[in-house]
Amino acid sequence: MKSRSSTSPIVPTLAALLATVGLAQAALVPAPPPRGAPLHHPALAPAPIRPAAAPAAPPPAAAAAPAAAPVAAAPIVAPPTLSAAAKAVPEQTRINIAWQIALEAADFSPGIIDSHFKQKSTMALKEYAARYFPGLKPFDPAVYKSLNVDVANAVTTYTLTADDAAMVGQVTEDWNEKAAMARLGYESLCDAITEKFHCTLALLEALNPGVSMARLEPGQTLIVPAIRPFPIDNRVTVAKRSGAAYVTVDLAEKSIRVFDKDNSEMALFHCSIARDKDKLPSRDTKVQVIAAPNPNYTFDPKVWPDVHDVSRILTIPPGPRNPVGLAWVGLDLPGYGIHGTPKPELIGKTGSHGCFRLTNWDALKFAGFAREGMPVKIINPDKTSPTE
């Protein structure tokens, strides 16, 4: 099976957007959209949402009453006031980050926040719009307003703390040494901060030009994505969610979806799958056990043939850089589970030993939807040649 195209569409310039819509300022649309797709220009956001605000639930009325035609954009009166941090960030970067933050907060993951509105972000937006606004196009103003896309406050400042530094641990590739540790912490302060704000290292560097990410220290102030809800400490929790009936795992798309009893999509996540096609599940399964947050990991050398210096089963301590990350949802297939990862930037890019890997923040959210006995349907349209 051929992999999906990764060709980057051409990003429209600000001048081109202005000419297209005839407005005094650029419409707030993420870029780039899929090649050849028309641009739909939503109105500016309503009152800005503060970075610490909790994500707003999609309006029930909109979900229950599909529109026959797109709603006309409201007239633009005045732009929102930009936060001090946002003024230093290019407008299109803020727009893309704002959309990614809003989609993540609505449980439709755009993947790791990177300011590039590509395949994963587009998939999330289309599915959110189809779920809550059937009949409307993804960039319709109603979708924009429901998501509370807050471009003016897409980024904010954060001062590194001693508690952040305490999350950093010793780094080793030796499994025997890992088993002897009390906790598997982050590799560096930068590693801790990129995960805390769900973003790539490249984005953190772009938001903070001239700052050495290898030499971060408590007391430094960085510009970071204003994710929702905004983290005030480093506590890890699982928020229990109601209404989930079953889960699907699409091996071709490398995606996991949660549905309610009426087959309405509740959440979308992106995952990594087994690199070895012979290890892909051949049947549907169900949730057997939920260990979150902070599970330990049982290292069986039989499952890791490339490791030659371990002769017995080891218990690997918990922590964000544990092999299963911060959450483990075990399936009734022996050795299989849906779990976190020690390397979030590699989700969807590299293969696992057989399990389905999510970013740690998505794994924690997924664990909130999961319950023991929940059906997990495996979708594999091409059982002969799944690709990364």
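What comes next concerns the included structure. Quantities reported herein were computed from a predicted structural model and do not represent experimental measurements. (Residues numbered from 1 in each chain as written. Predicted model: local features only at pLDDT ≥ 70, side-chain atom pairs only at ≥ 80, totals over all residues. Heavy atoms only, no water.)

A word on the pattern of salt bridges
Inclusion rule: Just to be clear on terms, a salt bridge is a Lys or Arg side-chain nitrogen sitting within 4 Å of an Asp or Glu carboxyl oxygen. The numbering of helices and of strands both runs from the N terminus, where a helix is a DSSP run of H or I of at least 4 residues and a strand a run of E of at least 2. Residue exposure (1.4 Å probe, protein chains only): buried if accessible area is under 20% of the type maximum, exposed if over 50%, otherwise partly exposed.
Summed over the entire model, instances satisfying the criterion amount to 12 salt bridges. Glu187 serves as the salt-bridge partner of Lys343, at 3.8 Å between the closest nitrogen and oxygen. Highlighted residues: Lys343 in the loop between β10 (337-339) and β11 (356-357) and Glu187 in the loop between α7 (175-180) and α8 (189-196), separated in sequence by 156 residues. Classification of Lys343 by relative accessible area gives partly exposed; the value is 43%. Assessed through its relative accessible area of 41%, Glu187 is described here as partly exposed. Linked through salt bridges whose partners overlap, the residues forming this network are Glu127, Glu253, Arg257 and Glu265.

Examining the sheet that holds strand β5 (residues 265-270)
How we decide: When DSSP finds two or more bridges between two strands, those strands count as paired. Two residues qualify as a contact provided that any one of their heavy atoms is within 4.5 Å of a heavy atom in the partner residue. To define axes, lines are fitted to C-alpha atoms, for helices over the stretch in contact only, and angles between the resulting N-to-C directions are given on a 0 to 180 degree scale.
Reading across from one edge, β5-β4-β3-β12-β6-β9-β10-β11 is the order of the eight strands in this open sheet, with mixed pairing throughout. Because the sheet does not close on itself, it has two edges, and the strands there are β5 and β11. Sitting on the sheet, helix α4 (residues 119-132) is in contact with β4 (255-260) and β5, with an inclination near 175 degrees to β5. In this fold helix α10 (residues 360-369) packs onto β3 (244-250), β4, β5, β6 (285-291), β9 (328-331) and β10, with an angle of close to 150 degrees to the strand it touches most, β5.

Some words on the nonpolar core
Note the cut-off: The term nonpolar core refers to a set of buried residues drawn from Ala, Val, Leu, Ile, Met, Phe, Trp, Tyr and Cys, joined through side-chain atoms within 4.5 Å.
Counting 49 residues, the largest nonpolar core has Trp99, Tyr128 and Leu147 as its most contacted members. Secondary structure elements with two or more residues in this core: α3 (91-105), α4, α5 (141-147), β1 (155-159), α8, α9 (201-207) and β2 (221-225). The element best represented in this core is α3, accounting for seven residues. Apart from residues lying up to four places away in sequence, Leu147 is in contact with Trp99, Ala102, Leu103, Ala106, Leu125, Tyr128 and Arg228. In terms of nonpolar packing, the next biggest core, distinct from the first, is built from 32 residues, Cys271, Leu331, Ala367 and Ala370 among them.

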